[in-house]
Amino acid sequence: MSHTTSTTAPTAVPAAAATPAPGGTGGSTEQRAKQAMRRLHRTEHRWAAAFIAAPVLGFLVFTLYPLGYALYASLTRWNGLTAPQFIGLENYTRLLSDPYFLQTLWNTAFYMIGIPIGLVLALLLAIALNRKIPGQTAFRTIYYVPVISSLAAIAIVWQFAYNGDFGLVNQVLAWFGIDGPDWLQNTATVKPAIILMAVWKGLGYSMLLYLAAIQSVPRSLYEAASLDGANGYQRFRSITLPMVRPVTFFLVVTNVIAGSQIFTEINIMTPTGGPEFSSASIVYYIVRQAFKYQQMGYATAMSVVLGLIVFVITLIQFRLNRRNSFSID
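Residues numbered from 1 in each chain as written. Predicted model: local features only at pLDDT ≥ 70, side-chain atom pairs only at ≥ 80, totals over all residues. Heavy atoms only, no water.

A.B. asks: Quick rundown of the packing of aromatic side chains? Include the residues and the values.
C.D. replies: If you walk through the whole model with that rule in mind, you get 14 aromatic pairs. Judged by centre distance (6.1 Å) and plane angle (35°), the ring pair of Tyr65 and Tyr69 falls under tilted. Taken together, the residues Tyr65 and Tyr69, both in helix H2 (residues 24–73) and four residues apart, mark about one turn of the helix. With a centroid separation of 6.1 Å and an interplanar angle of 85°, the aromatic rings of Phe277 and Tyr285 are classed as edge-to-face. Each member of the pair, Phe277 together with Tyr285, is buried. What links up through ring pairs into an aromatic cluster is the set Tyr100, Phe263, Phe277, Tyr284 and Tyr285. Sitting over the face of the ring of Tyr298, Arg94 holds its NZ or CZ atom 3.6 Å from the ring centroid. (Phe/Tyr/Trp six-rings, centres within 6.5 Å; stacked < 30°, edge-to-face > 60°. Helix = DSSP H or I, 4+ residues; strand = E, 2+ residues; numbered from the N terminus. Buried < 20%, exposed > 50% of the residue type's maximum accessible area, 1.4 Å probe, protein only. Lys NZ or Arg CZ within 6 Å of the ring centre and 35° of its normal.)

And the structure:
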């Protein structure tokens with residue numbers, strides 16, 4: 001009896017399947033690395049969006065939305081309590097014929113006279129305090145104290161100082177035989193009196209910035225000018241003034257913006273807006289119309305006009321500063 005044994009021949013394995021493809025394992029590793037990098041990038045993008053969202057939302061909620069609503073409110077008749085009633089450009093046409101608006105706008109522009117006065121005095125003080133004099137640190141501190149003091153407290157102190165009967169200002173003038181007026185109750189003196197107080201209040205801040213700018217001027221410029229025979233005035237005009245120009249530009253812009261919003265001093269020193277409304281600023285009039293007479297729509301229209309005026313003035317200042325800019329290699 002014969003037995004037949006059947007055997008199955010082994011299947012030939014293709015060479016391509018038996019031998020790993022060159023770089024096969026490396027390719028999958030590279031793919032996993034790319035996927036990990038993509039996940040990392042997505043995580044970074046999410047975190048970046050989260051960090052960016054905070055200031056963007058803050059701008060939208062606290063700046064863009066109030067600005068847009070203010071523009072809408074300026075076109076309405078609104079008392080702040082009931083629903084606004086759309087009236088178009090009626091508030092803006094009313095401004096053109098409102099004598100109090102034009103007067104307060106003029107008063108606000110008049111207060112700007114204190115800006116160049118304060119800058120000149122601050123620059124002179126900075127030059128003086130940059131020299132080695134006895135009590136230099138004490139003088140710097142004394143001039144800066146009003147800057148960090150409460151504006152309301154300072155306004156009250158100056159209100160007493162300007163009193164026509166027992167004020168310190170008139171007492172000092174009496175030593176020289178001068179009979180001083182009642183400063184805050186006289187249409188001719190109320191605005192200059194407030195300007196004097198405002199200049200005194202901000203003098204230390206401007207002086208400090210000018211002092212820092214002067215001390216950052218390279219000494220080699222002054223030495224070279226001295227070797228060329230330049231005197232003190234020529235060095236001041238040709239070196240100091242151009243080098244402190246950026247500080248002057250910054251102070252002018254910020255002072256114009258702050259000066260256009262002057263309110264606290266007037267509200268405390270002349271609560272009724274001064275004699276014949278001669279000391280009332282535009283912001284004082286806006287607050288009065290909004291919260292005393294509940295004319296929120298009209299007050300908002302004045303605020304929009306004031307904002308546009310300040311924006312145009314600031315834009316002009318930036319244009320002029322760009323034209324006068326220079327650099328030192």
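A.B. asks: Any chance you could break down a positive patch on the surface for me, citing the residues and the numbers?
C.D. replies: There is a patch of like positive charges on the surface, built from Arg38, Arg39, Arg42 and Arg46. Among the structural elements, Arg42 can be located in helix H2. Here Arg42 falls in the partly exposed class, since its relative accessible area comes to 44%. (Patch = residues over 30% accessible without salt bridge, like charges linked within 9 Å, V, L, I, M, F, W, Y side chains within 5 Å. Areas by Shrake-Rupley, 256 points an atom, 1.4 Å probe, with all protein chains shown as cover. Salt bridge = Lys/Arg side-chain N within 4 Å of Asp/Glu carboxyl O. Lys, Arg positive; Asp, Glu negative; His and termini not counted. Charge placed at Lys NZ, Arg CZ, Asp CG, Glu CD.)

A.B. asks: I'd like a description of a nonpolar patch on the surface, backed by residues and values.
C.D. replies: Residues Ile52, Val56, Leu57, Phe59, Leu60, Val61, Phe62 and Leu64 make up a contiguous nonpolar surface patch of roughly 780 Å² in combined accessible area. Looking at the secondary structure, you find Leu60 in helix H2. On the basis of relative accessible area, Leu60 is assigned to the partly exposed category, the value being 36%.

A.B. asks: Can you explain the environment of Gln85? Please cite residues and give values.
C.D. replies: Of note, Gln85 is situated in strand S2 (residues 85–86). In this structure the C-alpha to C-alpha distance between Gln85 and Leu75, which are ten residues apart in sequence, comes to 8.4 Å. Excluding residues within four positions of it along the chain, Gln85 makes contact with Leu75, Thr76 and Arg77. (Contact = heavy atoms within 4.5 Å.)

A.B. asks: Which residues make up the nonpolar core, and what are the values?
C.D. replies: Phe101, Tyr162, Met269, Ile282 and Met302 are the most contacted members of the largest nonpolar core, which totals 32 residues. Sorting the residues of this core by element identifies helix H4 (99–111), helix H7 (151–161), helix H9 (190–215), helix H13 (264–269), helix H14 (282–292) and helix H15 (296–323) as the ones contributing at least two each. In this view, Phe101 contacts Leu95, Ile282, Tyr285, Tyr298, Met302 and Val305; residues no more than four positions away in its chain are not counted. Of all hydrophobic cores here, the second largest spans 17 residues; its members include Ile115, Leu129, Leu203 and Ala213. (Core = buried A, V, L, I, M, F, W, Y, C linked by side-chain atoms within 4.5 Å.)

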